[in-house]
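Breakdown of the fold
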Amino acid sequence: MYLLLVIAVWIFFAYKFIDWSQWKKQYSTILFFMVVNLLYNTLYYNHTLWAFRGITADWLNHSIINIAFTFFICPVGLIIYLQRFPETRRNQLVYVGVWVGFYTIIEALFAHRGMYVYDNGWNSWHNIWLNLILFSVLWIHYRKPVIAWIISIPLAVIFYLLFPFPLDSLK
């Protein structure tokens with residue numbers, strides 16, 4: 001089962017790259033990410049733009065896989081991202097670009113293998129700008145949480161305007 005392999009890889013990353021004595025500094029930003037991700041998954045539940053698809057077991061659906069990503073895989077990745085963020089502006093731009101590229105390539109590989117599917121106008125190209133915004137806003141949240149919330153509200157409205165879901169799908 002690929003999900004167990006992915007989790008094992010992230011356990012290795014957590015062991016190798018995280019300073020666990022510092023994890024509390026990243027905690028509120030991890031919670032911020034979880035809120036945003038769970039909000040997307042709630043609002044777009046009946047009108048998904050992207051979804052995980054289990055290919056190794058029938059019971060392995062988007063919800064189960066997304067729980068693993070929301071509560072384990074992404075928090076580990078985000079702690080690494082935040083703890084190792086460089087000091088200089090040039091290095092910061094390169095660093096964000098590497099993380100955006102890494103997540104975009106992983107998502108594209110999963111899509112190619114049928115483990116990540118797109119719908120309702122979404123495609124792999126949209127992941128690039130979404131990941132760029134996500135990693136930028138997460139860094140802002142880490143430094144200035146209130147600013148990130150202020151930025152996130154109009155971003156969420158713009159996202160909805162670009163990719164609306166039927167309001168009756170919330171029933």
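The structure this text deals with has already been given above.
A few words on the packing of helix 3 (residues 62-83) against helix 4 (residues 89-112). Running from amino to carboxyl end, helix 3 crosses helix 4 at an angle of 150 degrees, the nearest separation of the two axes being 11 Å. Classified by the angle between their axes, helix 3 and helix 4 sit roughly antiparallel to one another. The way helix 3 lies across helix 4 gives a crossing that is right-handed. On helix 4, the residues touching F69, C74, G77, I80 and Y81 of helix 3 are Y95, V96, W99, Y103 and F110.

Okay, the nonpolar core next. Counting residues in each nonpolar core, the largest one holds 46 residues, and the members touching the most others are L49, F69, Y81 and F135. Of all the secondary-structure elements, those providing two or more residues to this core are helix 1 (2-17), helix 2 (24-43), strand 1 (50-52), helix 3, helix 4, helix 5 (124-143) and helix 6 (145-162). By residue number, the principal contributor to this core is helix 3, which donates eleven residues. F135 has contacts with L78, Y81, V96, W99, V100 and Y103, leaving out every residue within four places of it along the chain.

Okay, the environment of A51 next. The residue A51 is located in strand 1 in this model. Look at A51 and you get buried, because its relative accessible area is 10%. The sequence separation of A51 and Y116 amounts to 65 residues, and the corresponding C-alpha distance is 5.7 Å. Excluding residues within four positions of it along the chain, A51 makes contact with H62, M115, Y116 and V117.

Positive phi, close to 55 degrees, is recorded for N120, a residue that is not glycine. Summarising the element assignment, N120 is placed in the loop between strand 2 (116-118) and helix 5. N120 sits in the partly exposed class, given a relative accessible area of 33%.

Rules behind the numbers
Residues numbered from 1 in each chain as written. Predicted model: local features only at pLDDT ≥ 70, side-chain atom pairs only at ≥ 80, totals over all residues. Heavy atoms only, no water. Axes fitted to C-alpha atoms, helices over the stretch in contact; angles between N-to-C directions. Helix = DSSP H or I, 4+ residues; strand = E, 2+ residues; numbered from the N terminus. Parallel < 35°, antiparallel > 145°, perpendicular 65-115°, else oblique. Left-handed = near helix turned anticlockwise from the far one by under 90°. Contact = heavy atoms within 4.5 Å. Core = buried A, V, L, I, M, F, W, Y, C linked by side-chain atoms within 4.5 Å. Buried < 20%, exposed > 50% of the residue type's maximum accessible area, 1.4 Å probe, protein only.

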